[in-house]
Amino acid sequence: MSKYTVDTLVKLATELKELSPYRFIKSSALLLQGVEVESDTEHVEVQWDLFDTVYQHFQDHIMSPIQKTNHQAQFTFIFEGLTIQVSCQFNVTVRTDPYHISVMVHNEEVWVHSLYAYLYKESQFESIIHEYLYTEQRLLTSQNQAAWNQDQYNALVERYGEPEKNAQKIAENPEWRLHPFYRHMGNVKGKNIVHLLGSNGIKGVALSLLGARVTVVDFSKENASYARALAEKAGVELNYIESDVYSLPLESLQDSADVVLMELGVLHYFIDLTPLIQIIKSVLRKGGVFLLHEFHPISTKLITSSGKKHKVTGNYFSPVIETSHVAFSKHMGDDQDTLVKVSQRKWTLGEVITTLGQEGLLIRTLEEEPNHKVHDIGLPKTYTIVAEKM
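Quick caveat: nothing in here was measured; it's all calculated off a predicted structure.

> Looking at this model, I keep getting lost on the overall build of the protein. Mind explaining?
The number of helices and strands found in the protein is 12 helices and 18 strands. Structurally, the protein occupies a C-alpha span of about 80 × 50 × 40 Å along its principal axes. Classification of the 390 residues of the protein by burial places 53% in the buried group. Pairs at least 24 residues apart make up 66% of the contacts formed inside the protein by residues separated by at least 6 positions. Split by element, the accessible area of the protein, about 18900 Å² in all, is 49% carbon and sulfur. Distance from the positive charge centre (36 side chains) to the negative charge centre (48 side chains) of the protein: 8 Å.

> Which parts of the structure should I look at to understand the side chain of Asn200?
Mapped onto the fold, Asn200 is located in the loop between strand E8 (192–196) and helix H7 (202–209). Judged by its relative accessible area of 7%, Asn200 is buried. There is a polar contact of 3.0 Å between the side chain of Asn200 and the backbone nitrogen of Ile202.

> Would you take a moment to explain the packing of aromatic side chains for this structure?
Two aromatic rings, taken as a pair, are described by how far apart their centres are and by the angle between their planes. Inspection of the entire model under this criterion finds 14 aromatic pairs. On the numbers, 5.9 Å between centres and 35° between planes, the contact of Phe75 with Phe77 is tilted. In this pair, the class of Phe75 matches that of Phe77, namely buried. Consider the rings of Phe77 and Phe79, whose centres lie 6.3 Å apart with planes at 75°: the pair is edge-to-face. Under the relative-accessibility criterion, Phe77 is labelled buried at 1%. According to the relative accessible area criterion, Phe79 is buried, its value standing at 2%. Within the aromatic cluster, the residues linked to one another by ring pairs are Phe51, Tyr55, Phe58, Phe75, Phe77 and Phe79. Of note, Arg345 hangs over the ring of Tyr116, and the distance from its end group to the ring centre comes to 4.1 Å. The ring of Trp347 is capped by Arg345, whose NZ or CZ atom sits 3.9 Å from the centre of that ring.

> Explain the nonpolar core to me, please; I cannot follow it from the model alone.
Generally speaking, a soluble globular protein has its nonpolar side chains buried in company with each other. Membership of the largest hydrophobic core comes to 87 residues, with the highest contact counts inside it found for Phe24, Val110 and Met262. Discounting chain neighbours no more than four positions away, the residues touching Met262 are Leu196, Leu267, Phe270, Leu276, Ile280, Phe290, Leu291, Leu292 and His293. Counting residues in each nonpolar core, the second largest holds 33 residues, with Ile170, Ala227, Ala231 and Ala234 among its members.

> Just to check I follow, could you spell out the packing of helix H10 (residues 273–283) against helix H12 (residues 349–358) for this structure?
The relative placement of two packed helices is expressed as an angle between their axes plus a distance between the axes. Their axes nearest at 10 Å, the elements H10 and H12 cross at an angle of 50°. Classed by the angle they form, the pair H10 and H12 counts as oblique. The handedness of the crossing between H10 and H12 is right-handed. When H10 is examined against H12, the residues Leu273, Thr274 and Ile277 are found in contact with a partner set consisting of Glu351, Val352, Thr355 and Leu356.

> Looking at this structure, how should I read the sheet that holds strand E17 (residues 361–370)?
Backbone hydrogen bonds are what pair the strands of a sheet, in a parallel or an antiparallel way. Taken in spatial order, the 7 strands of this open sheet run E10-E9-E8-E11-E12-E18-E17, and their pairing is mixed. Looking at which strands have only one partner, the edges of the open sheet turn out to be strand E10 (239–242) and E17. For this sheet the average axis-to-axis angle between neighbouring strands, irrespective of direction, equals 15°. Pairing geometry for strand E11 (residues 257–263) and strand E12 (residues 284–295), over 6 bridges, is parallel. Bridge assignment links Val259 to a residue of E12, and that residue is Val289. Across the face of the sheet, H10 comes into contact with E8, E11, E12, E17 and strand E18 (380–389) while running at roughly 135° to E12. Sheet strands touched by H12: E12, E17 and E18. Its angle to E17, the strand with the most contacts, is close to 160°.

> Please clarify how helix H4 (residues 126–147) should be interpreted in this entry.
Each α-helix turn comprises 3.6 residues. Residues three or four places apart therefore point the same way. Taking 1.5 Å as the rise per residue, H4 with 22 residues should run 32 Å; its terminal C-alpha atoms sit 31 Å apart, in good agreement. Buried within H4 are the following residues: Ile129, His130, Tyr132, Leu133, Gln137, Leu140, Thr141, Asn144 and Ala147. Looking at the buried residues of H4, the elements they touch are helix H2 (26–32), H10, strand E15 (321–324) and strand E16 (342–345).

> I'm lost on the side chain of Asp258 in this one. Help?
Considering the arrangement of structural elements, one finds Asp258 in strand E11. Using a relative accessible area of 16% as the deciding quantity, one classes Asp258 as buried. In terms of polar contacts, Asp258 uses its side chain to reach the side chain of Arg285, at 2.4 Å. Aside from chain neighbours lying at most four places away, what touches Asp258 is Lys191, Asn192, Leu284, Arg285, Gly288 and Val289.

> What is the right way to look at the pairing of strand E13 (residues 303–306) in this model?
Within a regular beta strand, the side chains point alternately toward one face of the sheet and then the other, so they alternate between its two faces. Direction of pairing for E13 relative to strand E14 (residues 309–312): antiparallel, over a ladder of 4 bridges. Note that in E14 the partner of Ile303 across the bridge is Val312. Connecting E13 to the antiparallel partner E14 that follows it, the hairpin turn spans 2 residues, and Gly307 within it adopts a positive phi of roughly 65°.

Parameters at a glance
Residue indices follow the written sequence of each chain, beginning from 1 at its first position. Only residues with pLDDT of at least 70 are given local features in this predicted model, and only at 80 or more are side-chain atom pairs given and counted; all residues enter the totals for whole chains, interfaces and linings. Hydrogens are left out, water is left out, and the side-chain values use all remaining heavy atoms of the structure. Secondary structure follows DSSP: runs of H or I at least 4 residues long count as helices, runs of E at least 2 residues long count as strands, and numbering of each begins at the N terminus. Only protein chains enter the accessibility calculation, which uses a 1.4 Å probe. A residue is then buried if its area is under 20% of the maximum for its type, exposed if over 50%, and partly exposed in between. The criterion used for residue contact is that any of the two residues' heavy atoms lie within 4.5 Å. Each accessible area value is a Shrake-Rupley result obtained with a 1.4 Å probe; residue values ignore everything except the protein chains displayed when judging cover. We score Asp and Glu as negative and Lys and Arg as positive, and we do not count His or the chain ends. For this purpose, a charge sits on NZ of Lys, CZ of Arg, CG of Asp or CD of Glu. Throughout this description, a polar contact denotes any pair of N or O atoms lying within 3.5 Å of each other; where both atoms belong to protein, one of them has to be capable of donating a hydrogen while the other can accept it, and for residues adjacent in sequence the pair is counted only when both atoms sit in side chains. Stacked, tilted and edge-to-face are the three classes applied to pairs of Phe, Tyr and Trp rings, where Trp contributes its six-membered ring and a pair requires centres within 6.5 Å; stacked means planes under 30 degrees apart, edge-to-face means over 60, and tilted covers the rest. We count a charge as sitting over a ring when the NZ of a lysine or the CZ of an arginine lies within 6 Å of the ring centre and within 35 degrees of the ring normal. Residues belong to one nonpolar core when they are buried, are Ala, Val, Leu, Ile, Met, Phe, Trp, Tyr or Cys, and are joined through side-chain atoms within 4.5 Å. Here an axis means a line fitted to C-alpha atoms, over the contact stretch when the element is a helix, while the angle between two N-to-C directions is reported on a 0 to 180 degree scale. Angle categories are assigned with fixed cut-offs, so that under 35 degrees is roughly parallel, over 145 is roughly antiparallel, 65 to 115 is roughly perpendicular, and the rest are oblique. Each helix crossing is assigned a hand: it is left-handed if the near helix lies turned anticlockwise from the far helix by less than a right angle, otherwise right-handed if that turn is clockwise. Should DSSP find at least two bridges between two strands, the strands are regarded as paired. Take the residue count of a helix, subtract one, and multiply by 1.5 Å to get its expected span.

Here it is in structure tokens:
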């Protein structure tokens with residue numbers, strides 16, 4: 001039934017695109033995005049001032065009268081054996097909705113209401129969407145892991161120097177390596193700190209030099225090799241777990257961390273924040289804090305900068321999953337086209353804050369930090385969130 005339904009909805013989309021801006025919503029939108037869900041009625045929303053045009057177009061089909069309220073109008077008709085409910089929201093522009101996205105289905109562009117729209121409000125679809133995203137995350141993690149094991153060790157040497165030389169630099173001023181979020185940690189001596197997606201171990205070694213007991217979690221064996229060599233040359237212990245976050249041995253980490261740290265360019269590797277925050281919460285002890293230091297979505301999702309020129313080239317609200325090269329890829333040789341790319345979901349501040357609140361973490365701090373380049377004055381570059389497990 002689902003394959004026939006998808007084929008029929010794609011056929012319906014080819015007619016609708018000539019009539020009005022539209023998007024499939026509810027179960028129909030989920031089905032077109034790969035979420036298996038059954039429904040007796042398929043749902044599509046059209047532009048309110050073209051609603052009558054759409055109604056007239058389908059007059060030859062078996063259909064119901066138009067039903068109106070102060071806020072919306074709808075009618076139902078039969079299309080290729082499917083019951084289709086067409087609706088509109090008065091004075092609402094379909095195209096400007098943050099979750100109005102296109103997907104490719106059978107080589108056709110089809111407009112849908114993004115499945116993410118059903119995660120941040122009460123929805124009957126929330127559970128099945130989380131299950132779908134969990135499966136997709138596993139697939140993307142395998143791809144991302146392959147991307148992060150492409151000559152990464154040599155790229156790190158090219159970027160930071162051999163472990164012995166880099167360890168000497170870190171030891172000279174470990175606090176500098178933790179700027180600007182270190183001041184939110186207080187005195188780290190004796191604290192248990194878990195650094196998720198801790199990459200090359202530079203932050204972990206710096207924290208260890210300051211007296212913390214550090215566990216780094218990362219799925220790249222090349223990152224792990226560099227980090228372990230770095231810790232050895234720095235003369236500190238570093239517990240490095242080679243694992244993706246979903247496969248963590250939680251029984252050994254449960255309620256153990258004073259601080260869980262994530263920083264700079266890692267949050268976008270997760271296409272669903274809820275299970276991530278649940279894992280973080282389980283690792284934290286009561287009173288422990290989750291410290292997130294990330295690139296500001298204004299700089300990653302919205303603005304493109306070139307010298308003193310800044311242009312709005314992106315969509316701040318876009319929930320689409322993008323592909324790009326890994327960090328330090330420029331140090332991986334000249335043939336960039338042969339490198340495996342990573343998949344990323346860039347999050348808005350609202351989405352991050354909402355998920356933390358939904359999972360019961362108390363937000364103590366949200367600090368938006370400026371870009372320190374003179375010609376970028378006034379633009380946020382990063383942000384830091386401190387959230388406590390109560």
